[in-house]
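As a plain string of letters, each chain reads:
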Amino acid sequence: MLLVPNPPYLHLEPFARVAGELRRRGVEAALLALSGGAVRDELRRTGLPVEAVRLARRRPGRGAIPERLLRLADLVAARRLLERALERLAPGVVVVGSDLGDAFVRLLLDRCRLRPVPVLVLATVPSGPAPGDLEPPPHGGRAARSLLAVAGLGRVPFRGHVYGSYCSGAAIAVPSEAYRRDLLASGIDPARIAVTGNPRHDRLAGIRERRPEDVRRELGLVPGVRLVLYCTERIHEIHGRDYLARLDGRLRESFDRVPGPLRVVVKLHPGEDDRSAAGFRERFRGPRYHVVADGDVHLLARAADLVLGHYSEVLADAVLLGRPVLSLHLRPDPRLPGHLEVPEIASEDEITPRLREALERAGPAPPPDGVPDGLASARVADRILELLGAGAR
């Protein structure tokens, strides 16, 4: 059994929980790293068995060989390495977080289709190919497409944004009925979809039982001060850094106008680069603000009077934790998930009144559908064992 948490910051926690559940049942399960030593070491810190296939993820600079040819060589080499890994490991089932990307994941799924190896897409978070990976070089034109076909890579360029549309035979495990409805509306066969819950949410069941004021004391937060948690996203990769700077400026103005004691914790996304992190620290300086890269985002969300974000799954998590949320959805984008059913701020003019309204009526949010019961990992393990049994027949 191979679980491929690629990229780890999105998929490692739920995959590790499922792998642990399988191993408790006596089923061999390992994590697969599709990268170099740093990713492998991150996976090993879970204490689970880790296999690694070292694939080239270089960014060629100026040189005699065009970048697109280097990329083609990397993909050809990766295909052979992945073939050998599947031959050596002989997994009964392969689990991925998304069949859409990156290109190396699509190559792995192509190898699984040819062997064949059953595949489960554990769709716990919105995850697809990055904008630059939608059609990996060489791209464009009949000659380029012919070159890819001759190299056996004709399927790798892919522009889809629907789970299950690349690996059309894969089973899909989704965390909620809302995810399931989205996939059905996109034409995915309902027989492929199982609503299991999100293994990452198994931990939330215990956190939800704790009182917010007790969590605040544990985190060392001052009692009696309203707390806003602002979860950043790499939204600048979609809308640009100027958009993000302007939005943060409007948020800062709105926070500054809130009367009475207020604390705003800006929780940096794990994928923020140094430039982005420095920008947040510059824009949110002052006694009301605290920018953090580390810390338990779920404990912070349980403690907060209001959770803000763009399209982060933390917003959905906060709803499950019983906290009020607002999504900053000023520029809709087709790449962002449609299943995130939370209140939205749709324009700059709405920021100040919506924030003030949310803080004035801050309190426990009504319980949503699908409150975590701590059993999602077990349900996903059940689905994997079904696939394992089907593959053995």
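These numbers were taken from a predicted model, which means no experiment stands behind them.

*Asks:* How would you sum up the environment of Arg 216? Please name residues and give values.
*Replies:* Within the element layout of this structure, Arg 216 appears in helix H8 (residues 212-219). Here Arg 216 falls in the buried class, since its relative accessible area comes to 11%. Through-space distance from the C-alpha of Arg 216 to that of Ala 304 is 8.4 Å; in sequence the pair is 88 residues apart. The residues contacting Arg 216, other than those within four sequence positions of it, are Leu 221, Val 222, Val 225, Leu 227, Ala 303, Ala 304 and Asp 305. There is a polar contact of 2.8 Å between the side chain of Arg 216 and the backbone oxygen of Ala 303. At 2.5 Å, the side chain of Arg 216 and the side chain of Asp 305 are in polar contact.

*Asks:* So what's going on with the packing of helix H10 (residues 241-257) against helix H11 (residues 274-283)? Which residues, and what values?
*Replies:* Between H10 and H11, the least distance of the axes is 10 Å, while the angle of their chain directions is 25°. The angle between H10 and H11 falls in the class roughly parallel. Our pair here, H10 against H11, has a crossing hand that is right-handed. Of H11, the residues touching H10 (which contributes Arg 241, Leu 244, Ala 245, Asp 248 and Arg 252) are Arg 275, Ser 276, Phe 280 and Arg 283.

*Asks:* A description of the sheet that holds strand E13 (residues 344-345) should follow, citing residues and the corresponding values.
*Replies:* Within the open sheet, the six strands sit side by side as E10-E9-E8-E11-E12-E13. Their pairing is parallel. Two strands bound the open sheet, and with one partner strand each, they are strand E10 (289-292) and E13. Sheet topology places strand E9 (residues 262-267) next to E10; four bridges connect them, and they run parallel. If you follow Val 264 over to E10, its bridge partner there is Tyr 289. Docked against the sheet, H10 engages strand E8 (226-231), E9, E10, strand E11 (306-309) and strand E12 (325-328), running at close to 175° with respect to E8.

*Asks:* Which residues make up unusual backbone geometry, and what values go with them?
*Replies:* Note the cis peptide between Asn 6 and Pro 7, where omega equals 0°. Within the secondary structure, Pro 7 is located in the loop between strand E1 (2-4) and helix H1 (8-24). Looking along the chain, the bond that leaves Arg 115 and enters Pro 116 is cis, with omega of -5°. Relative to the assigned elements, Pro 116 resides in the loop between helix H4 (103-114) and strand E5 (119-122). We note that Ala 90 has phi near 45°; this positive angle belongs to a residue other than glycine. Accessibility expressed as a relative area gives 53% for Ala 90, which makes it exposed.

Calculation rules
Residues numbered from 1 in each chain as written. Predicted model: local features only at pLDDT ≥ 70, side-chain atom pairs only at ≥ 80, totals over all residues. Heavy atoms only, no water. Helix = DSSP H or I, 4+ residues; strand = E, 2+ residues; numbered from the N terminus. Buried < 20%, exposed > 50% of the residue type's maximum accessible area, 1.4 Å probe, protein only. Contact = heavy atoms within 4.5 Å. Polar contact = N/O pair within 3.5 Å; in protein donor to acceptor, adjacent residues only side chain to side chain. Axes fitted to C-alpha atoms, helices over the stretch in contact; angles between N-to-C directions. Parallel < 35°, antiparallel > 145°, perpendicular 65-115°, else oblique. Left-handed = near helix turned anticlockwise from the far one by under 90°. Pairing = 2+ DSSP bridges.

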